[in-house]
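# Breakdown of the fold
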Amino acid sequence: MQHKLNLIVAAAATVLAGTAMAQDMVVKIGHVGPVSGAQAHYGKDNENGARMAVEELNAKGVTIGGKKVKLELVAEDDAADPKQGTAAAQKLCDAKVNGVVGHLNSGTTIPASTVYNQCGIPHVTPSATNPKLTQQGYKTTFRLLANDNALGAGLALHAANNLKLKKVAIIDDRTAYGQGVAEVFKKTALARGIQVVDEQFTNDKATDFMAILTAIKSKAPDAVFYGGMDPQAGPMLRQMDQLGMSNVKMFGGDGICTAKLAELSGGAKALGGVICAEGGASLDKMPGGKAWMAKYEAKYPKQFQVYSPYTYDAVHVLVDAMVRAGSADPKVYTAKLFESNYQGVTTKVGFEPDGELKNPAMTLYVYKDGKKVPLN
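Residues numbered from 1 in each chain as written. Predicted model: local features only at pLDDT ≥ 70, side-chain atom pairs only at ≥ 80, totals over all residues. Heavy atoms only, no water.

### What to know about the overall build of the chain
Helix and strand counts for the chain stand at 12 helices and 15 strands. In terms of overall dimensions, the chain is globule-like: its C-alpha atoms have a radius of gyration of 23 Å, near the 21 Å expected for 376 residues. Here the C-alpha coordinates of the chain stretch approximately 95 × 40 × 35 Å along the principal axes. In the chain, the proportion of contacts linking residues at least 24 apart, taken out of those at least 6 apart, comes to 70%. Total accessible area on the chain stands at roughly 15,700 Å², and carbon and sulfur atoms take up 55% of it. (Helix = DSSP H or I, 4+ residues; strand = E, 2+ residues; numbered from the N terminus. Rg over C-alpha atoms; globule rule 2.2 N^0.38 Å. Contact = heavy atoms within 4.5 Å. Areas by Shrake-Rupley, 256 points an atom, 1.4 Å probe, with all protein chains shown as cover.)

### Here's the deal with the sheet that holds strand 6 (residues 141-143)
Here we have six strands laid out as an open sheet, ordered 2-3-1-4-5-6, and mixed in their pairing. This sheet does not close on itself; its edge strands, each paired only once, are strand 2 (62-64) and strand 6. Ignoring which end each strand starts from, the neighbouring axes of this sheet average 35° apart. Two elements, strand 1 (residues 25-33) and strand 3 (residues 67-77), share nine bridges in a ladder whose sense is parallel. Residue Ile29 lies in a different strand from strand 3, and its bridge partner there is Leu73. Across the face of the sheet, helix 2 (residues 40-60) comes into contact with strand 1, strand 2 and strand 3 while running at roughly 170° to strand 3. Strands in contact with helix 4 (residues 106-119) are strand 1, strand 4 (99-101), strand 5 (123-125) and strand 6; relative to strand 5, the strand with the most contacts, it is inclined by about 165°. (Pairing = 2+ DSSP bridges. Axes fitted to C-alpha atoms, helices over the stretch in contact; angles between N-to-C directions.)

### Re the nonpolar core
Ranked by size, the top nonpolar core spans 68 residues in total, and within it Ile29, Phe185, Phe251, Trp292 and Val315 carry the most contacts. The element that contributes the greatest number of residues to this core is helix 11 (residues 308-325), accounting for nine residues. With residues near it in sequence (within four places) discarded, Phe185 still touches Gly152, Leu155, Ala156, Val168, Ile170, Phe225 and Phe251. Among the nonpolar cores identified, the runner-up in size contains 29 residues, and Phe209, Ile216, Leu243 and Ala270 belong to it. (Core = buried A, V, L, I, M, F, W, Y, C linked by side-chain atoms within 4.5 Å. Buried < 20%, exposed > 50% of the residue type's maximum accessible area, 1.4 Å probe, protein only.)

### Things to note about the pattern of salt bridges
Pairing is possible between side chains that carry opposite charge, provided their charged atoms lie close to one another. Scanning all chains against the criterion turns up 13 salt bridges. One salt bridge in this structure joins Arg143 and Glu356, with 2.8 Å as the shortest N-O distance. Separated by 213 residues along the polypeptide, Arg143 in strand 6 and Glu356 in the loop between strand 13 (348-349) and strand 14 (363-368) bring together distant segments of the chain. Take Arg143 and Glu356: they sit in the same class, and that class is buried. A salt bridge links Glu263 to Lys260; the shortest N-O distance between them is 3.1 Å. Here Glu263 pairs with Lys260, and both are found in helix 9 (residues 260-264), just three residues apart, close to one helical turn. Take Glu263: its relative accessible area is 56%, and that puts it in the exposed class. (Salt bridge = Lys/Arg side-chain N within 4 Å of Asp/Glu carboxyl O.)

### Structural notes on the environment of Asp198
Here Asp198 shows up in strand 8 (residues 195-201). Residue Asp198 is classed as buried on the basis of its relative accessible area, which comes to 11%. Measuring from C-alpha to C-alpha, the distance between Asp198 and Ile212 comes to 9.9 Å, with 14 residues separating the pair along the chain. When neighbours within four sequence positions are excluded, Asp198 is seen to be in contact with Val168, Ala169, Ile170, Ala215, Ile216 and Lys219. In terms of polar contacts, Asp198 uses its side chain to reach the side chain of Gln200, at 3.1 Å. (Polar contact = N/O pair within 3.5 Å; in protein donor to acceptor, adjacent residues only side chain to side chain.)

### A short note on unusual backbone geometry
Residue His103 follows Gly102 across a cis peptide bond; omega there is 0°. By the secondary structure assignment, His103 is in the loop between strand 4 and helix 4.

### Focus: the side chain of Glu76
Relative to the helices and strands, Glu76 resides in strand 3. Judged by relative accessible area, Glu76 falls into the buried class, the value being 15%. Ignoring sequence-local partners within four residues, the contact set of Glu76 consists of His31, Val32, Gly33, Ala88, Lys91 and Leu92.

### Comments concerning the state of the cysteines
What the rule picks out here adds up to two disulfides. For the chain, the disulfide bridges join cysteines in the arrangement 1-2, 3-4, where the cysteines are counted in sequence order. (Disulfide = S-S within 2.5 Å.)

Following this line, the structure appears as structure tokens:
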């Protein structure tokens, strides 16, 4: 009889445990970035940061509106392609995710933002820097770092005021990001009396820049500004060496400002003349940068690029807004994102009415002995 009673009690406990498990609310966080193709190293780094945040929040335990929550990361690949980006965004909308972190590139984020706006899901980009993103008036779009107006201008001011450069040439990859940051650099450089001696264009798949660089070399610039990403900037530096342009500086935005640039440039001397800008503080100066980096390295050795601390913070910022709203329903909690005052790893996160980050920092970097180091 006692044995039977024990079985009944055990069975009842199992049912109750099952009911408790069933009551756990599942909250889906989407992440989109290029995890295939030439820019996969950025996308994987970004996804790592988001995944790390989800795992840590689940381990700690999150309660929204009195219900225990299990967070799930729904990861999509946009291959840095605008069409694939909108398809990934639509997929996340159809999957009814509660919020999205992404995309990496401005060229994918801008069209995807329209999709998220239409389905009413907020997205926080950790890395897309084209100012047009937040000029569309969407109340679902948020950016976690400085935009190209800050990056392009900061680089041009450094060229004019600190380095006293007189002549620059400009190359961009014709993407929304590359073109945008190059335009801001050009405008600011011209306003500061720097002469733009040549403008050339390439694309984000190219690897041969000999013709472009040969044309530029004949104009004898002090520096080349490249608006684009590191899969192009690396070979470009090697080819600058081949053409005897190792002493010509290369300026670029956060797209080239990676640890991988040193590897992609294959030991080019021209790497020593690179000056690049990132929208945010250096890891050492981020409020939680050093401690966060130690955790990241232990979990994902040698995968860090640039933006994973921002994807990590983006997940936390979305969940923080849900907790404050007492709901994971985008219709309910999106308004709370505008009231964010979240102490993240990267900075104290608050948003302007257009979704731009309040008081964004910017850091210039150079490469010393093949290592990326902050300039200031």
